[in-house]
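# Understanding the architecture of this molecule
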Amino acid sequence: MKTLRDVKVGDRATVVKLHGEGAVKRRIMDMGITKNTEVFVRKVAPLGDPIEVTVRNYELSLRKADAEMIEVGEV
């Protein structure tokens, strides 16, 4: 299983599944990260947290823990 955290800077991925439960999963979905959405990884902070991505034409920063809950596949 490949997660959003495993995607390298400059690569694109498509969301396959969201893991997690309750409020955390709902918050990720409210940010626009849903199944079959394309995500572009723009930057990763020096210590790996947070990860800056482009989703639905806007920039978004995600914690590593949240990025690990997002299962992705190839574009």
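Below or above, wherever it landed, is the structure these notes cover. Keep in mind that what you see is a predicted model, and the values were worked out from it rather than measured. (Residues numbered from 1 in each chain as written. Predicted model: local features only at pLDDT ≥ 70, side-chain atom pairs only at ≥ 80, totals over all residues. Heavy atoms only, no water.)

Okay, the sheet that holds strand β4 (residues 58–62) next. Sheet architecture is open: five strands sit in the order β4-β3-β2-β1-β5, paired in antiparallel fashion. The sheet is open, and its two edges are formed by β4 and β5 (70–73), each paired on a single side. Taking each pair of neighbouring strands and ignoring which way they run, the sheet shows an average axis angle of 45°. In this sheet, strand β3 (residues 51–55) lies alongside strand β2 (residues 38–44) in antiparallel orientation, the contact comprising five bridges. Bridge pairing in β3 links F40 to T54. (Pairing = 2+ DSSP bridges. Helix = DSSP H or I, 4+ residues; strand = E, 2+ residues; numbered from the N terminus. Axes fitted to C-alpha atoms, helices over the stretch in contact; angles between N-to-C directions.)

Considering the arrangement of structural elements, one finds I51 in strand β3. Spatially, the C-alpha atoms of I51 and R63 are 6.3 Å apart, while their sequence positions differ by 12 residues. Excluding its chain neighbours within four sequence positions, the residues that come into contact with I51 are R5, V41, K43, V44, L60, S61, L62 and A67. (Contact = heavy atoms within 4.5 Å.)

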